[in-house]
Amino acid sequence: MKAKGLLLSMNLFLLSGVTSVLALGQDASICSTASGMIDRKVPPEIEQHLRDWWHIANFDRIFQVFLALTGMASALIVSTFTNELGTRKTKIFSFVAALSFGVMSGFDIGGKADATRSGWRHLTTAILKFKNDPCYTSDKLIDAYSEGEAMVGNVPFHPQGSVSN
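Residues numbered from 1 in each chain as written. Predicted model: local features only at pLDDT ≥ 70, side-chain atom pairs only at ≥ 80, totals over all residues. Heavy atoms only, no water.

Asks: Describe the overall build of the chain, with residues and values.
Replies: Within the chain, the secondary structure is distributed over 5 helices and 0 strands. Relative to its full complement of 165 residues, the chain shows a buried share of 22%. Sequence separation of at least 24 residues holds for 77% of the intrachain contacts in the chain that already meet a minimum separation of 6. Accessible area for the chain stands at about 11700 Å²; split by element, carbon and sulfur atoms hold 67% of it. (Helix = DSSP H or I, 4+ residues; strand = E, 2+ residues; numbered from the N terminus. Buried < 20%, exposed > 50% of the residue type's maximum accessible area, 1.4 Å probe, protein only. Contact = heavy atoms within 4.5 Å. Areas by Shrake-Rupley, 256 points an atom, 1.4 Å probe, with all protein chains shown as cover.)

Asks: Describe a nonpolar patch on the surface, listing the residues and the values that go with them.
Replies: Where nonpolar side chains cluster on the molecular surface, the patch consists of Val65, Leu69, Met72 and Phe101 and spans about 350 Å² of accessible area. Per-element accounting of the nonpolar patch gives the leading share, 3 residues, to helix H2 (residues 44–80). Take Leu69: it is sitting in helix H2. (Patch = residues over 30% accessible without salt bridge, like charges linked within 9 Å, V, L, I, M, F, W, Y side chains within 5 Å. Salt bridge = Lys/Arg side-chain N within 4 Å of Asp/Glu carboxyl O.)

Asks: So what about the confidence of the model for the chain? Which residues, and what values?
Replies: Summarising the model, the chain shows a mean pLDDT of 82, and 73% of its residues fall at 70 or more. Here helix H1 (residues 2–31) stands out as the least confident element of the chain, with mean pLDDT 49; H2 is the most confident, with 96. For residues 17–29, every residue scores under 50 in pLDDT, and the model assigns this stretch 0 contacts once sequence neighbours within four places are set aside. (pLDDT = per-residue confidence, 0-100.)

Asks: An account of helix H4 (residues 109–132) is needed here, citing residue identities and associated values.
Replies: For H4, which comprises 24 residues, the first-to-last C-alpha distance of 35 Å matches the rise-based estimate of 34 Å (1.5 Å per residue) to within 8%. Listing the buried residues of H4 in full gives Ile109, Gly110, Lys112, Ala113, Thr116, Arg117, Gly119, Leu123, Ala126, Ile127 and Phe130. Contact partners of the buried residues in H4: H2, helix H3 (82–106) and helix H5 (138–152). (Expected span 1.5 Å × (residues − 1).)

Asks: I'd like a description of the nonpolar core, backed by residues and values.
Replies: Val42, Ile46, Leu123, Ile127, Tyr136 and Leu141 are the most contacted members of the largest nonpolar core, which has 13 residues in total. Of all the secondary structure elements, the ones that give two or more residues to this core are H2, H4 and H5. Residue contacts for Leu123: discarding those within four places in its chain leaves Ile46, Leu50, Trp53, Leu141, Ala144 and Tyr145. (Core = buried A, V, L, I, M, F, W, Y, C linked by side-chain atoms within 4.5 Å.)

Asks: Go over the packing of H4 against H5 with me, naming the residues and quoting the values.
Replies: Interaxial distance between H4 and H5 falls to 8 Å at its minimum, and their mutual angle equals 175°. Classified by the angle their axes make, H4 and H5 are roughly antiparallel. Here Lys112, Ala115, Thr116, Ser118, Gly119, His122, Leu123, Ala126, Ile127 and Phe130 of H4 lie close against H5, whose contacting residues are Ser138, Leu141, Ala144, Tyr145, Glu147, Gly148, Met151 and Val152. Here the contact of H4 with H5 is built from residues that sort into 10 nonpolar, 6 polar and 2 charged. (Axes fitted to C-alpha atoms, helices over the stretch in contact; angles between N-to-C directions. Parallel < 35°, antiparallel > 145°, perpendicular 65-115°, else oblique. Nonpolar A, V, L, I, M, F, W, Y, C, P; charged D, E, K, R; others polar.)

Asks: I'd like to hear about unusual backbone geometry, residue by residue, with values.
Replies: The phi dihedral of Asp108 falls on the positive side, at around 45°, and the residue is not glycine. Along the chain, the position of Asp108 falls in the loop between H3 and H4.

Asks: So what about the packing of H2 against H4? Which residues, and what values?
Replies: The interhelical angle for the contact between H2 and H4, taken along N-to-C directions, is 155°, at an axis separation of 8 Å. Looking at the two axes, H2 sits roughly antiparallel to H4. For the pair H2 and H4, the sense of crossing is left-handed. Broken down by class, the residue content of the contact of H2 with H4 amounts to 13 nonpolar, 6 polar and 7 charged. (Left-handed = near helix turned anticlockwise from the far one by under 90°.)

Asks: I'd like a description of H5, backed by residues and values.
Replies: Over its 15 residues, H5 runs 21 Å from end to end, which matches the ideal 21 Å to within 8%, given 1.5 Å per residue. Looking at H5, one finds that the buried residues are Leu141, Ala144, Tyr145, Gly148 and Val152. Across the axial projection of H5, the buried residues extend over an arc of 105°, all falling on one side. Exposed and facing more than 90 degrees away from the buried side of H5 are Asp139 and Ala150. Those residues of H5 that are buried lie in contact with H2 and H4. One or two steps after H5, the chain reaches Gly153, where phi turns positive at roughly 65°. (Arc of directions from axis to C-beta.)

This is how it looks when you write it as structure tokens:
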């Protein structure tokens, strides 16, 4: 009787071990390669969009700083040197200041730079996961690209006095 109990417990132990090994084998075969390292190529269209977003974000930020500096310098020149400039130059500097601040706020250049950088970061993270995580599928990468596109969005226009969402 004791031998039967011992044999039964050994069979249960072996059966549970085999079940665990089979479960591990199934999980491993889904997400890994034989070498453990993966070398998957990102679609060239996605890599190109990533580069484009990087350039757009940098250009928008530089353009925002340029408009802000131009607007501030023009406004300071007008307010400080009104008598020395004369009527014509005062009007020109006033126009440049108003145009700079108007373009910057009307098209939300800073917000566009932020949104583009957020989309770039999101897609960069997805690409890193795709290259280093065998469970991260190409469908997930494409979904991340789509989410990044939504973050980048369109160029908004907010005329003075309008209410935006």
